[in-house]
Amino acid sequence: MEQLSHKDKIWMNARNILRVVINDESLYNRWFSPIKVLSFANDDSFVLGVSDDFFAEWLEDNYLDEITKAVRQASGINSINVKFEIVSAHAEAQIPVTK
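Summarised in this report is the structure supplied together with it. (Residues numbered from 1 in each chain as written. Predicted model: local features only at pLDDT ≥ 70, side-chain atom pairs only at ≥ 80, totals over all residues. Heavy atoms only, no water.)

Let's shift gears to the packing of aromatic side chains. All told, the structure shown has 8 aromatic pairs when counted by the stated rule. Centroid distance Trp31 to Phe55: 5.0 Å. Interplanar angle 50°. Geometry classified as tilted. Note that Trp31 is positioned in helix H2 (residues 25-31) and Phe55 in helix H3 (residues 53-75), a separation of 24 residues in sequence. In this structure, Trp31 and Phe55 share a single accessibility class: buried. On the numbers, 5.6 Å between centres and 40° between planes, the contact of Trp58 with Tyr63 is tilted. Through a chain of ring-to-ring contacts, the aromatic side chains of Tyr28, Trp31, Phe32, Phe54, Phe55, Trp58 and Tyr63 assemble into a single cluster. Positioned above the aromatic ring of Trp31, the side-chain terminus of Arg30 is 4.5 Å from the ring centre. (Phe/Tyr/Trp six-rings, centres within 6.5 Å; stacked < 30°, edge-to-face > 60°. Helix = DSSP H or I, 4+ residues; strand = E, 2+ residues; numbered from the N terminus. Buried < 20%, exposed > 50% of the residue type's maximum accessible area, 1.4 Å probe, protein only. Lys NZ or Arg CZ within 6 Å of the ring centre and 35° of its normal.)

See below:
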């Protein structure tokens, strides 16, 4: 069985925190389940991949604080900043699309 990377473990734990905080399964499934973690850089940037600009903007406008708190809690690092990147429709490769 494949082991999860450090960034994937953080995101898995953060998603569990968000599921409790959101407390609305439909909302959680629509907006949070599709998010993929792309990278966790040395500068404490935690980059999440979403499908399009609308998705990114909606999350930033409505849940960026909650997502950031959950990632910080899951990682134990209070300086982490969450960023969103648009990923292609063929997300299997998880290659960010430049805007």
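As a further point, take unusual backbone geometry. Glycine aside, residues mostly have negative phi angles, and peptide bonds mostly take the trans form. Its identity is not glycine, yet Asn23 carries a phi of approximately 55°, on the positive side. Along the chain, Asn23 falls in the loop between helix H1 (6-22) and H2.

Position of Ser45 relative to the elements: it lies in strand E2 (residues 45-50). At a separation of 3.2 Å, a polar atom in the side chain of Ser45 contacts the side chain of Lys83. Once residues within four sequence positions are removed from consideration, Ser45 is found in contact with Ser39, Phe40, Asn81 and Lys83. (Polar contact = N/O pair within 3.5 Å; in protein donor to acceptor, adjacent residues only side chain to side chain. Contact = heavy atoms within 4.5 Å.)

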